[in-house]
Amino acid sequence: MTTKRISPELFEKLVSLAALELTAEESDYLFEEINHQLASVEALSQIPLPEGVEPSLHGLEPQGSPARPDQWQPFPNPEAVINLAPETEDGMIVVPDVKGAK
Amino acid sequence: MNLTQLSAFEVAQKVRSGEVKAAEIAEASLAQIKAVDGVSGSPEPGNLSPEEEKKVHAFIQITRDLALAQAEKVDRMVANGEDPGLLAGVPLSVKDIFCVEGTHTTAASKIIANFVPPYTATSVQRLTDAGALVLGKVNLDEFTFGSSNESSAFQPSTNNPWQTEYVPGGSSGGSAASVAAQEVALSLGTDTGGSIRQPAAFCGVVGMKPSYGRVSRLGLIAFASSLDCPGPLSRDVRDAALMLQAMAGHDPKDSTSSILSIGNYVEALEQDVKGLRIGLSPDYEAVYYPDLESGELHTEPIQKEVHDAVLYAAEILAKAGAEIIENVPLPNTRYGIPTYFVISRVEAASNLHRFDGVKYGYRTSENVADLNELYRRSRAEGFGLEPKLRILMGMYVSAAEHASDYYQKALKVRSMIRSDFDQAFDPQGSYRLDALLTPTTATTAFKRKAVYGNSVLMQYSDQMTVASNHAGVPALTLPGGLDENGLPIGIQLIGNDFREELILRIGHAYERLTTDDAWRNVRPQVLQGEVKA
């Protein structure tokens, strides 16, 4: 049995925040695995960081072009993008109501 | 002449000269796929016969009409005396994580199994503009999340062509297997923590993770945006150089793609290795894995045959005039996986929020009360276990109350991993390396079902590859022998930023110097019976 680094209650909260739902079997497996992965991540807490080490968002800083002017460019076939949606009506994407909104 | 045995370089030469038609190449590839691949991966697989268990199953989708149309175009250009491109008539498979207009692009996930993108990834576009023929989309771990291919929602997942009861590695397992089984000459893969190099090593082929930003990510379905690199898989180093040549370079639609000019990767291969400084590091001789109770790191030496293959390569290169520098310290390599567990999961969780049953892809067919329930049910039914695990882990370690312990710390450790490489490659430093020579993986391929389900152990199979993703530097894997079970061993060359041509040059030299080695005549199981040209 692994030391649990997150509680079942916190795990349930994460599931809800992630907009997921889990079966009991999935929940048991994922709860165990996330705790195992956190055991691996514990190694980070043991690393002595030298003074002044800055975080790196990229290992190799992107050397791309400067941002282009903020001018819109039409996509050649917008209908193709709208048509990808599971449900559409008159060129709009249809979704159920937001809870409480009427 | 068996056309499927030809390298990409040879195919392009013969097609450009008119000796062979691109259409013949396409037909030969389609015939090879039919002979060795078996049923394609599907979200609704049937039962497999014992014969099917011995097939490769690299493909999710075979794009016969697309390949034949592209071949016709190449042949027409040749007939008209026009330049058909660097990759004229070369058969290519594309990892099914790249958008190709008009083809299903599934990420091997049920959640976008029906997605047909309205545009094509820049990398794929450049390859086809250079004359390559897209034979199909190949299998991968769901959303690239894995190292064995087994997490794909499209089953059967890919087998290792060398011994089909073994995994091909992952996540670009379909790419590596399709190249090893001679179904195609080239494959386009992606490498976030080792996803090109680990399967290439397991399948006995060449694979390269270019420098971060060397190849555009536009049209690649993102896993971890600060780590993802598209790159080539091929059967020899020259083909990897050729493919990189065709697709590298700035893309105005990817602001992280580098504006630095690209090298002449193919021309660089002509030079030898005299005077090049190649480093060996003790930090690539063992794996460090955690006790799941305490988090304390244990040490285990890498497979002896893999270690021996690295030393043999060093000896060969030294005889050819390279200077071997021993004991190069890369002490933060051992923290690569814990760091990756944090950074890659945070980025994955963020990238996976877009799949919600609204804009494209899978939507639950259940009656739902409101929009939130639509999101939850669609994601619950559409995502497999591994994406769910990565989302949950990513959300936990990036939560405000833990961010300084996990995410911020991981970003600082990444800086330290980067500084290891900076010191090794510093032209004024103690080591002044041109390349590092390391194993690609700690072991050769493992059996199907041997690791799958243990997400920590699976992740540790990337320990030798992940540091170069954190640092952004280029790395190349190439075959370095076979173990006692006849499974391929991969050796890795890691270079400095944007110095792809140097590691390709060293890799090519190693290939030339070992042409007559006995192991080079051994063929993958699925090709046995076929005579080597």
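Here the residue numbers are simple positions, counted from 1 along each chain's written sequence. Here chains are named by letter from A upward and ligands by number from 1 upward, in the order in which they appear as written. Side-chain atom pairs in this predicted model are given and counted only at pLDDT of 80 or more, local residue features only at pLDDT of at least 70, and totals for whole chains, interfaces and linings cover all residues.

A. Structural view of the confidence of the model for chain A. Confidence of the predictor in every single residue is expressed as pLDDT, which spans 0 to 100. With 94% of its residues at a pLDDT of 70 or more, chain A shows a mean pLDDT of 89. No element of chain A has a lower mean pLDDT than helix 3 (residues 78-82) of chain A, at 92, and none a higher one than helix 1 (residues 8-17) of chain A, at 95. Helix numbers and strand numbers start at the N terminus; a helix is a DSSP run of H or I with at least 4 residues, a strand a run of E with at least 2.

B. Representation of the interface of chain A and chain B. Contact between two residues is assigned when their C-beta atoms, built from the backbone, lie within 7 Å. Contact with chain A, which involves 51 residues of that partner, is made by 68 residues of chain B. Contributions of two or more residues to the side of chain A that touches chain B are made by helix 1, helix 2 (24-41) and helix 3 of chain A. Tallying contributions element by element places helix 2 of chain A first for the side of chain A that touches chain B, with ten residues. The nonpolar class holds Ala, Val, Leu, Ile, Met, Phe, Trp, Tyr, Cys and Pro. Asp, Glu, Lys and Arg form the charged class, and all remaining residues, Gly among them, are polar. Taken together, the residues that form the side of chain A that touches chain B break down as 31 nonpolar, 13 polar and seven charged.

C. Up close: unusual backbone geometry. Here B:Gln155 and B:Pro156 are connected by a cis peptide whose omega angle stands at 0°. Inspection of the secondary structure puts B:Pro156 in the loop between strand 3 (133-138) and helix 6 (173-180). Across the junction of B:Gly170 and B:Ser171, the peptide omega takes the value 10°, indicating a cis bond. Considering the arrangement of structural elements, one finds B:Ser171 in the loop between strand 3 and helix 6. Phi at A:Ala19 takes a positive value of approximately 55°, unusual for a residue other than glycine. Its location among the elements puts A:Ala19 in the loop between helix 1 and helix 2. Positioned with a positive phi, B:Thr144 is a non-glycine residue whose angle comes to about 75°. In this fold, B:Thr144 is placed in the loop between strand 3 and helix 6.

D. Spatial organisation of the sheet that holds strand 13 (residues 488-495) of chain B. All names here are of chain B. Spatial strand order, 1-3-2-4-6-5-12-13-11-7-10: eleven strands in an open sheet with mixed pairing. With partners counted over all chains shown, the strands left at the sheet margins are strand 1 (59-62) and strand 10 (323-325), one partner each. Taken over all neighbouring pairs, the strand axes of this sheet differ in orientation by 30° on average, direction set aside. Strands were regarded as paired on the criterion that DSSP finds at least two bridges between them. By the bridge criterion, six bridges tie strand 4 (residues 186-191) to strand 6 (residues 229-234) in an arrangement that is antiparallel. For threonine 190, the partnering residue across the bridge sits in strand 6 and is proline 230. Between N-to-C directions, angles span 0 to 180 degrees; the directions come from axes that are lines fitted to C-alpha atoms, helices contributing only their stretch in contact. The sheet strands contacting helix 10 (residues 304-319) are strand 7 (277-279), strand 10, strand 11 (435-439), strand 12 (475-482) and strand 13, and the helix crosses strand 11 at an angle near 150°.

E. Region of the structure containing the pairing of strand 6 of chain B. Residue and element names in this part refer to chain B. Here exposure depends only on C-beta density: within 10 Å of a residue's C-beta, 20 or more other C-beta atoms make it buried, 12 or fewer make it exposed, and intermediate numbers make it partly exposed, the C-beta atoms being placed from the backbone. For strand 6, a buried count of six out of six residues is recorded, marking the element as mostly surrounded by other parts of the structure. Side chains Cys229, Gly231 and Leu233 of strand 6 all project onto a buried face; the interleaved residues Pro230, Pro232 and Ser234 project onto the opposite face, where all are buried too. When strand 5 (residues 206-209) meets strand 6, the two strands line up antiparallel, connected through two bridges. Note on strand 6: the bridge partner recorded for glycine 207 is leucine 233.

F. Region of interest: the nonpolar core. Residues and elements named next belong to chain B. Formed by 188 residues in total, the largest nonpolar core has its most connected members in Leu87, Val90, Leu92, Leu392 and Ile506. Among the elements that make up this core, the one with the highest residue count is helix 11 (residues 336-352) (nine residues). The contact partners of isoleucine 506, leaving out residues within four places of it in the chain, are Val273, Leu276, Ile278, Leu317, Ala435 and Leu493. Each nonpolar core reported here comprises buried Ala, Val, Leu, Ile, Met, Phe, Trp, Tyr and Cys residues connected via C-beta atoms within 7 Å.

G. Representation of the pairing of strand 11 of chain B within the structure. All names here are of chain B. Within strand 11, five of the five residues are buried, leaving the element largely enclosed by the surrounding structure. Alignment of strand 7 against strand 11, held across two bridges, turns out to be parallel. Bridged to isoleucine 278 within strand 11 is alanine 435. The pairing of strand 11 with strand 13 spans five bridges and is antiparallel. Across the sheet, residue leucine 437 finds its bridge partner in strand 13, namely leucine 493.

H. Structural context of helix 10 of chain B. Residues and elements named next belong to chain B. With 16 residues, helix 10 ought to run about 22 Å at 1.5 Å a step, and its terminal C-alpha atoms sit 23 Å apart, in line with that. Tucked into the core, helix 10 has its buried residues touching strand 7, strand 10, strand 11, strand 12, strand 13 and helix 17 (500-513). Looking one or two residues beyond helix 10, the residue adopting positive phi is glycine 321, at roughly 110°. One less than the number of residues in a helix, times 1.5 Å, gives the span that helix is expected to have.

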